[in-house]
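# A look at the structure
Spelled out, the chains give:
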Amino acid sequence: MGPSGRVVGIDIADIEPFGDDANVIAIQGDLLEPGVDARILAALGGLADVALSDAAPKLTGVRATDRAREETLLEAVEALLPKLLRPGGALILKLLESPEAQAAAKRIGRCFGSAKIVGLRATRAGSSEKYLIGKNYAAGA
Ligand SMILES: C[S@@+](CC[C@H](N)C(=O)[O-])C[C@H]1O[C@@H](n2cnc3c(N)ncnc32)[C@H](O)[C@@H]1O
């Protein structure tokens, strides 16, 4: 990110402090909470070049519940993009694959000049984890 860049992270759980680096800011907060966009934007100081989300719900093992929670998180990220990501910006978004997540990824992907879903070699066997990579965000698309 270079000396003048800034990283802002948010998690509902406590985040261990990063030390004295003023360009790395950790927020404890809920992505589903009203007003969370303003908190993140204030910490960023402007629209972001890149949005990266590996947010994932606590899995219960009940498929319908887990899928619904994942869908809610993806919708929250989708709603935050126009408020936080600059036009032309990029997205890396973790998906736990399901028909609901696929539908959300398709919708979100349409807001980018190019979008693809990839799997990672580092993902453990049997995991449904995939990543949507979006480039060239078209705000309001
Ligand atoms: C796969 S972990 C990734 C954690 C962290 N980024 C890391 O690499 O260690 C998913 C994270 O999503 C967070 N999370 C789940 N629901 C959330 C929500 N509604 N708002 C903010 N964070 C949430 C969890 O607390 C968890 O830390």
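Please read all numbers here as calculations on a predicted model, not as lab measurements.

### Things to note about the layout of surface pockets
- Computed from the structure, the largest pocket encloses a volume of approximately 1200 Å³.
- What lines the largest pocket is a set of 44 residues, and nearest its centre among them are Val-8, Gly-9, Ile-10, Leu-52 and Ser-53.
- With seven residues, helix H2 (residues 63–84) is the single largest residue contributor to the lining of the largest pocket.
- Taken together, the residues of the lining of the largest pocket break down into 29 nonpolar, seven polar and eight charged.
- For the second largest pocket, the calculated volume is near 310 Å³.
- Forming the walls of the second largest pocket are 15 residues, and the residues nearest its centre are Leu-59, Asp-66, Leu-96, Glu-97 and Ser-128.
- Elements with a contribution of two residues or more to the lining of the second largest pocket: H2 and strand S4 (85–96).
- Taken together, the residues of the lining of the second largest pocket sort by class into three nonpolar, four polar and eight charged.

### A word on the pairing of strand S6 (residues 129–137)
- Judged from the six bridges that link them, S4 and S6 form a sheet pairing that is antiparallel. Bridging across to S6, Leu-91 finds its partner in Gly-134.
- Alignment of strand S5 (residues 112–118) against S6, held across six bridges, turns out to be antiparallel. Bridging from a neighbouring strand, Val-118 pairs with Tyr-131 of S6.

### Some remarks on the sheet that holds S5
- Taken together, four strands build an open sheet; the order of strands is S3-S4-S6-S5 and the sheet is mixed. Of all the strands in the sheet, just strand S3 (48–53) and S5 have a single pairing partner and so form its edges. This sheet shows a mean twist of 10° between the axes of neighbouring strands, independent of strand direction.
- Against the sheet, H2 engages S3, S4, S5 and S6, with an angle of about 170° to S4.

Calculation rules
- Residues numbered from 1 in each chain as written.
- Predicted model: local features only at pLDDT ≥ 70, side-chain atom pairs only at ≥ 80, totals over all residues.
- Heavy atoms only, no water.
- 1 Å grid on protein atoms, 1.4 Å probe; cavity = no way out; pocket = protein on both sides within 12 Å on 5 of 7 lines; lining within 4 Å.
- Points joined across faces, edges and corners; volume = space filled by probe spheres on them.
- Helix = DSSP H or I, 4+ residues; strand = E, 2+ residues; numbered from the N terminus.
- Nonpolar A, V, L, I, M, F, W, Y, C, P; charged D, E, K, R; others polar.
- Pairing = 2+ DSSP bridges.
- Axes fitted to C-alpha atoms, helices over the stretch in contact; angles between N-to-C directions.
- Contact = heavy atoms within 4.5 Å.

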